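# Residue-level structure breakdown
This is what each chain is made of:
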Amino acid sequence: MSERKTIYLCLAHMSEEGWEQKYVKEAFDTNWVVPMGPNVNAFEKDLEEFVNDVRCQKEDVRCEPLDRKVVCLSAGTAAVHLALIACGVKAGDEVLVQSYTFCASSHPITYLGAKPVFVGSEGETWNMDPVLLEEAIKDRIAKTGKKPAAIVPVALYGMPYKIDEIMEIADRYGIPVVEDAAEGMGSRFDGKVLGTFGKYGVLSFNGNKMITTSGGGALICRSAEDANEIMWYATQARDAYPYYQHTAIGYNYRMSNVCAGIGRGQMKVVNDHIAHHKHVQALYEELLKDVKGVHIHKQPADPRYDANFWLCAATLDPEVRIQGQENAYKEVIKTAVGGAAGVIHQVDSATTDCQPNENVEALRVFMLGKKIEARPTWKPMHKQPVYAGAPVYTNGIEEKLFKVGSCLPAGPYVTDEDVRYIVESIKEAIVG
Ligand SMILES: *Cc1c(COP(=O)(O)O)cnc(C)c1O
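Conventions used here
- Residues numbered from 1 in each chain as written.
- Predicted model: local features only at pLDDT ≥ 70, side-chain atom pairs only at ≥ 80, totals over all residues.
- Heavy atoms only, no water.
- Near = heavy atom within 4 Å.
- Polar contact = N/O pair within 3.5 Å; in protein donor to acceptor, adjacent residues only side chain to side chain.
- Areas by Shrake-Rupley, 256 points an atom, 1.4 Å probe, with all protein chains shown as cover.
- Nonpolar A, V, L, I, M, F, W, Y, C, P; charged D, E, K, R; others polar.
- Core = buried A, V, L, I, M, F, W, Y, C linked by side-chain atoms within 4.5 Å.
- Buried < 20%, exposed > 50% of the residue type's maximum accessible area, 1.4 Å probe, protein only.
- Helix = DSSP H or I, 4+ residues; strand = E, 2+ residues; numbered from the N terminus.
- Contact = heavy atoms within 4.5 Å.
- Pairing = 2+ DSSP bridges.
- Axes fitted to C-alpha atoms, helices over the stretch in contact; angles between N-to-C directions.
- Parallel < 35°, antiparallel > 145°, perpendicular 65-115°, else oblique.
- Left-handed = near helix turned anticlockwise from the far one by under 90°.
- Phe/Tyr/Trp six-rings, centres within 6.5 Å; stacked < 30°, edge-to-face > 60°.
- Salt bridge = Lys/Arg side-chain N within 4 Å of Asp/Glu carboxyl O.
- Disulfide = S-S within 2.5 Å.

## Regarding the site of the ligand
Neighbouring the ligand are 15 residues, the closest being Thr77, Asp180, Glu183, Ser204 and Lys209. Note that an oxygen atom of the ligand is positioned 2.5 Å from one of the side-chain N or O atoms of threonine 77. Note that an oxygen atom of the ligand is positioned 2.5 Å from one of the side-chain N or O atoms of glutamate 183. With the chains in place, 94% of the 380 Å² that the ligand exposes on its own is no longer accessible. Of the residues assigned to the shell around the ligand, the class counts are five nonpolar, seven polar and three charged.

## Here's the deal with the nonpolar core
Core analysis: the biggest nonpolar cluster contains 60 residues, and Phe43, Leu47, Leu133, Ile151, Met185 and Phe205 have the highest contact counts within it. The element best represented in this core is helix α6 (residues 163–173), accounting for six residues. With residues near it in sequence (within four places) discarded, phenylalanine 43 still touches Cys72, Phe205, Ile211, Thr213, Met255, Ala260, Gly263, Arg264 and Met267. Of all hydrophobic cores here, the second largest spans 34 residues; its members include Leu82, Val178, Ala182 and Tyr233.

## Description of the pairing of strand β2 (residues 94–98)
Extensive coverage of β2 is indicated by the burial of five of its five residues. Sheet analysis places β2 next to strand β3 (residues 115–119), joined by five bridges and oriented parallel. Residue glutamine 98 lies in a different strand from β3, and its bridge partner there is valine 119.

## Describing the packing of helix α1 (residues 19–29) against helix α8 (residues 257–266)
Packing of α1 against α8 brings their axes to within 7 Å, and their N-to-C directions diverge by 150°. Comparing the axis directions of α1 and α8 gives the class roughly antiparallel. The hand of the α1/α8 crossing is right-handed. The residues of α8 that touch α1, namely those facing Trp19, Glu20, Tyr23, Val24, Glu26, Ala27 and Phe28, are Asn257, Val258, Gly261, Ile262, Arg264, Gly265 and Gln266. Each residue belonging to the contact of α1 with α8 can be placed in one class, and the counts come to seven nonpolar, four polar and three charged.

## Notes on the environment of glutamate 398
Within the fold, glutamate 398 resides in helix α11 (residues 397–404). Sequence spacing of glutamate 398 and valine 365 is 33 residues, and the spatial spacing of their C-alpha atoms is 23 Å. Not counting residues up to four positions away in its chain, the partners in contact with glutamate 398 are Tyr100, Gly120, Ser121, Pro380 and His382.

## Here we look at the packing of aromatic side chains
What the rule picks out here adds up to 12 aromatic pairs. Arranged with centres 5.1 Å apart and planes meeting at 85°, the rings of phenylalanine 189 and tyrosine 305 form a pair that is edge-to-face. Taken as a pair, phenylalanine 189 in strand β6 (residues 188–189) and tyrosine 305 in strand β11 (residues 305–306) lie far apart in primary sequence, 116 residues in all. Residue class for phenylalanine 189 comes out buried when judged on its relative accessible area of 2%. An angle of 65° between the planes, with centres 5.1 Å apart, marks the rings of tryptophan 232 and tyrosine 233 as edge-to-face. Ring pairing ties together the aromatic residues Phe102, Tyr157, Trp310 and Trp378, which thus form one cluster.

## Focus: the sheet that holds strand β10 (residues 294–296)
Each strand in a sheet pairs with another by means of backbone hydrogen bonds, the pair being arranged parallel or else antiparallel. Here four strands make up an open sheet; going across it, the order is β10-β12-β15-β13 and the pairing antiparallel. Each edge of the open sheet carries a strand with a single partner, namely β10 and β13 (375–376). As paired elements, strand β12 (residues 312–316) and strand β15 (residues 405–408) share four bridges and run antiparallel to each other. When the bridges of β15 are listed, alanine 314 appears paired with serine 406. Relative to the sheet, helix α10 (residues 358–369) contacts β12, β13 and β15, its axis offset from that of β12 by approximately 130°.

## Description of the sheet that holds β6
One open sheet holds the three strands; their spatial order is β7-β6-β11, and the pairing between them is antiparallel. Both outer strands of the open sheet, β7 (192–193) and β11, are each paired with one neighbouring strand and no more. Across two bridges, the pairing between β6 and β7 is antiparallel. In the sheet register, phenylalanine 189 faces β7, and the bridge partner there is lysine 192.

## Side note on the pattern of salt bridges
Per the counting criterion, the structure on display carries 27 salt bridges. Linking arginine 304 and aspartate 164 is a salt bridge whose minimum nitrogen-to-oxygen distance equals 3.1 Å. Here aspartate 164 lies in helix α6 and arginine 304 lies in the loop between β10 and β11, a separation of 140 residues in the sequence. Look at arginine 304 and you get partly exposed, because its relative accessible area is 28%.

## With respect to the side chain of lysine 162
Position of lysine 162 relative to the elements: it lies in the loop between β4 (150–152) and α6. Among the polar contacts made by the side chain of lysine 162, one reaches the side chain of glutamate 124 at a distance of 2.6 Å. Ignoring anything within four residues of it in the chain, the contact list for lysine 162 reads Glu122, Glu124, Thr125, Pro130 and Tyr305.

## Let's talk about the environment of glutamate 17
Summarising the element assignment, glutamate 17 is placed in the segment before α1. With 248 residues separating them along the chain, glutamate 17 and glycine 265 place their C-alpha atoms 9.0 Å apart.

## Quick notes on the side chain of serine 187
Mapped onto the secondary structure, serine 187 falls in the loop between β5 (178–180) and β6. Among residues more than four places away in sequence, those in contact with serine 187 are Gly158, Pro160, Lys192, Val193, Leu194, Asp306, Ala307 and Asn308.

## Details of the state of the cysteines
On inspection of all chains with the given rule, the structure shows one disulfide. Cysteine 72 supplies the cysteine sulfur nearest to cysteine 259, a cysteine that is in no disulfide, at a spacing of 10 Å.

Okay, here's the thing in structure tokens:
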């Protein structure tokens with residue numbers, strides 16, 4: 001038997017026709033090897049078509065497409081950063097952000113000298129709890145005399161947030177919403193794509209996201225004027241003189257025309273990718289339904305929810321015993337989970353004061369032995385040492401979920417046979 005290949009969480013997947021290479025070659029052939037050009041413009045058009053498409057929920061209503069504009073940028077993190085700037089976030093301001101997320105949702109707040117105020121999750125979508133959001137707004141106004149400058153909900157693993165409730169609160173208080181839909185490309189709520197509800201919507205095309213440009217991101221904007229302003233900030237904020245004249249601090253955040261070539265090719269398969277992620281989720285739901293103590297994270301029954309299931313998340317009940325559990329956290333880890341690129345600081349302790357339960361860690365190690373990459377869910381930002389002391393409004397749900405949660409492989413490379421093997425491996429790992 002040939003040796004089994006590792007099943008990764010989510011890998012970049014190029015179109016079988018090689019569209020990506022064709023558009024990249026075009027960039028070279030026309031010498032548009034710069035952070036602008038025909039591929040960038042065409043990728044933006046493709047993205048606009050994608051985000052403006054509205055799927056009618058009721059048959060008797062004709063849905064008009066939206067008219068959002070999209071600006072391509074060098075990263076999703078850059079998109080969050082520029083969205084906050086365009087919302088007028090300044091040093092000393094407070095920004096309300098979902099705590100249960102990847103660090104790129106909150107770090108750009110601190111780039112601006114502003115302060116993140118973390119909002120906890122509700123148990124249904126695992127995303128920003130609208131009740132806690134309003135509580136936080138009221139309390140911040142009472143404590144600081146000032147309204148928070150923006151609200152950043154996050155589509156964790158692609159699951160739509162309770163956007164109708166969040167928008168209602170945001171509008172009532174007149175606070176702009178920056179939707180972090182980096183993981184939720186193509187997820188919909190009430191027929192509309194995530195990122196089109198707020199003032200701005202963030203997309204990411206990092207190597208492991210729904211589609212990739214190797215690295216890149218985009219900002220969905222409500223108007224051509226907003227898009228223009230983002231584009232201005234993304235290209236060093238220059239004024240119209242025959243020399244470089246600056247009236248604001250800008251950034252070098254525009255997307256490369258080479259990367260945009262990859263993106264154009266990926267747009268030809270994005271709907272296939274989304275369909276495959278949903279298929280894998282459905283198979284996990286079916287195969288795990290009788291496994292005691294293991295629960296796959298499902299979307300709410302409300303038909304307005306239409307998640308892309310970028311990653312499949314599961315929880316493991318604390319009383320489930322896993323093979324090798326007695327050894328969990330005994331050794332200091334030498335690398336970061338996630339095969340993270342770059343430099344990772346070495347640590348001298350194997351544990352922190354907030355970490356997944358021992359059985360969850362044991363399952364991760366067991367699965368790795370089976371050549372399956374399982375990964376803890378994002379550690380809540382208010383539990384990160386770097387954000388010690390930041391205000392937080394929570395019911396403790398995201399911390400509980402972090403302790404029991406695991407992400408399972410879900411990309412286009414994951415076959416039905418892989419899902420069966422993954423589920424069999426989970427069953428094998430359970431001792432009782
Ligand atoms: C990936 C991600 C981002 C940032 O995107 P990059 O393109 O990697 O900079 C932002 N927010 C969330 C929740 C993400 O998962």
